[in-house]
Amino acid sequence: MLGKNRWSSDEIYNVVMNVADYKEFIPYCVKSTVFTQQSAPRHDYMEAELMVGFQLYQLGYTSKVNGSTTLDGKKIVTAVCENKDLFDHLNMEWKISPGPKEHTSSMHFTVSFKFSNRLYNKVATVFKSSVIDQMIPAFES
């Protein structure tokens, strides 16, 4: 999903990397706790426990989040779930580039996932586009 917005790439990067507050603004996220965090020039790393709730389901997992800034000012954030009991894979990537005007940027967001449980995959198939369509506006508001 590609979006252009009225915030700088630094502002968008800071919101994406603010995993501790995801429970406040990400749809269906009911818990977000960062338990490891490291920063270095042009690179940030954290591990966080996230819990999502949707109707009757509440699922928790650990996410490893890497954020970096390239020499030309582009920002890349990747998040990978390490819980193989819950997910076969869950990978998210944000590519954030400075826009043509001051305080603008463009963002390309991708997510790929497959649950280990067949029932969860069936439920996810029904609601996937609805959930993904709510993700970008959550980061922009």
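Use the structure listed above.
It should be emphasised that the depicted structure is a prediction, and the values quoted were computed from it without experimental measurement.

Definitions and cut-offs
Residues numbered from 1 in each chain as written. Predicted model: local features only at pLDDT ≥ 70, side-chain atom pairs only at ≥ 80, totals over all residues. Heavy atoms only, no water. Helix = DSSP H or I, 4+ residues; strand = E, 2+ residues; numbered from the N terminus. Buried < 20%, exposed > 50% of the residue type's maximum accessible area, 1.4 Å probe, protein only. Areas by Shrake-Rupley, 256 points an atom, 1.4 Å probe, with all protein chains shown as cover. Phe/Tyr/Trp six-rings, centres within 6.5 Å; stacked < 30°, edge-to-face > 60°. Lys NZ or Arg CZ within 6 Å of the ring centre and 35° of its normal. Contact = heavy atoms within 4.5 Å. Pairing = 2+ DSSP bridges.

### Considerations on the overall build of the chain
So, step 1. In terms of regular secondary structure, the chain is built from 3 helices and 7 strands.
So, step 2. Along the chain direction, N to C, the helices and strands of the chain fall in the order β-α-α-β-β-β-β-β-β-α.
So, step 3. Each of the 141 residues in the chain was classed as buried or not, and the buried ones make up 35%.
So, step 4. Within the structure as shown, the chain displays about 8300 Å² of accessible surface, and the carbon and sulfur contribution to it stands at 53%.

### What about the packing of aromatic side chains?
So, step 1. This structure, assessed with the given rule, holds 3 aromatic pairs.
So, step 2. Plain terms: the ring middles of W94 and F109 are 5.1 Å apart, the flat faces sit at 40 degrees to each other, and that makes the pair tilted. On the criterion of sequence distance, the pair formed by W94 in strand β6 (residues 87-98) and F109 in strand β7 (residues 105-115) is long-range, its members being 15 residues apart. For the pair formed by W94 and F109, the shared burial category is buried.
So, step 3. In this structure, K75 packs its charged tip against the face of Y13, placed 5.4 Å from the ring centre.

### Notes on the environment of G60
So, step 1. Following the sequence through the fold, G60 ends up in strand β4 (residues 57-69).
So, step 2. The class of G60 is partly exposed, set by a relative accessible area of 29%.
So, step 3. For the pair G60 and K31, spaced 29 residues apart in the sequence, the C-alpha separation amounts to 8.4 Å.
So, step 4. In this structure, G60 is in contact with L50, M51, N83 and L86, ignoring residues within four places of it in sequence.

### Comments concerning the pairing of β4
So, step 1. By the bridge criterion, 12 bridges tie strand β3 (residues 43-54) to β4 in an arrangement that is antiparallel. Looking at the pairing, G53 lines up with Q58 of β4.
So, step 2. Adjacent in sequence and paired antiparallel, β3 and β4 are bridged by 2 residues, among which Q55 carries a positive phi angle near 50 degrees.
So, step 3. Relative to strand β5 (residues 75-81), β4 is paired through 7 bridges, and the arrangement is antiparallel.

### So, unusual backbone geometry
So, step 1. In this model, Y28 sits at a positive phi of 75 degrees, which is unusual for a non-glycine residue.
So, step 2. Here Y28 shows up in the loop between α2 (22-25) and β2 (29-40).
So, step 3. Positive phi, normally seen in glycine, also occurs at R42, with a value near 60 degrees.
So, step 4. By the element assignment, R42 lies in the loop between β2 and β3.

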